[in-house]
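Residues per chain are reported as follows:
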Amino acid sequence: MAFENPSREEIKTILEQVGNIAVVGLSDKSDRTSYMVSYAMQKRGYRIIPVNPAAAGQTILGETCYASLAEVPEPIELVNVFRRSEYCAEVAREAAAIGAKVLWLQQGITSQEAAGIAQEHGMTVIMDRCIKVEDSVTQPVRKG
């Protein structure tokens, strides 16, 4: 059976209820898509936690950056991935290991292997969609 993203309504519910969002591959360079999307999401009220081994220990968007999902000292509900497809299966394994609820591969990124791993661990999977675009389309009400 071919992969199918959740409906717009389901994505809306996910975005309304999500707590911490770990962004794997978040760049510290403000001209990169990962930075711009994460900045916009942060301004909309989402908690963004950077994960990038090249920037570990630094601050990105006012938050400490971690080398891996396992190093983040607090619960992560959604893992937003800005990595090439061939790296996504490993990210899915890490997301499963920390108990994430959602694996979100950004626009232009798909991995059937990552989707399978995440789904086997009970995660909702979204692929080839921009979280910022989905947020602006669904207009969820942010808590807090």
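Cut-offs applied
Residues numbered from 1 in each chain as written. Predicted model: local features only at pLDDT ≥ 70, side-chain atom pairs only at ≥ 80, totals over all residues. Heavy atoms only, no water. Helix = DSSP H or I, 4+ residues; strand = E, 2+ residues; numbered from the N terminus. Contact = heavy atoms within 4.5 Å. UniProt positions renumbered as here; feature names shortened; annotations may be inferred. Buried < 20%, exposed > 50% of the residue type's maximum accessible area, 1.4 Å probe, protein only. Polar contact = N/O pair within 3.5 Å; in protein donor to acceptor, adjacent residues only side chain to side chain. Pairing = 2+ DSSP bridges. Right-handed = clockwise from strand over helix to strand, strands pointing away.

So, the side chain of Ser111
Tracing the backbone shows Ser111 in the loop between strand E6 (102-105) and helix H4 (112-120). Once residues within four sequence positions are removed from consideration, Ser111 is found in contact with Ser85, Cys88, Ala89, Leu105 and Met127.

Remarks on the UniProt feature "domain: CoA-binding" (unreviewed entry) in the protein chain
Look at the UniProt record and you will see "domain: CoA-binding" (unreviewed entry) annotated at residues 15-109. Span residues 15-109 is 25% helix and 23% strand, its end C-alpha atoms 19 Å apart.

So, the side chain of Asn80
By the secondary structure assignment, Asn80 is in strand E5 (residues 78-81). The exposure class of Asn80 is buried, given its relative accessible area of 2%. In this structure the side chain of Asn80 is engaged in a polar contact, spanning 3.3 Å, whose partner is the side chain of Gln106. The contact partners of Asn80, leaving out residues within four places of it in the chain, are Ile21, Ala22, Val23, Val24, Trp104, Gln106 and Ile131.

Quick notes on the pairing of E6
Neither face of E6 is open: one carries Val102 and Trp104, the other Leu103 and Leu105, and all of them are buried. Note: E5 against E6, 4 bridges, orientation parallel. Following the sheet pairing, Leu78 is matched in E6 by Val102. For the handedness criterion, the β-α-β arrangement of E5, helix H3 (residues 88-97) and E6 is classed as right-handed. Two elements, E6 and strand E7 (residues 124-126), share 3 bridges in a ladder whose sense is parallel. For Leu103, the partnering residue across the bridge sits in E7 and is Val125. Chirality of the crossover, the property in question, places the unit of E6, H4 and E7 among those that are right-handed.

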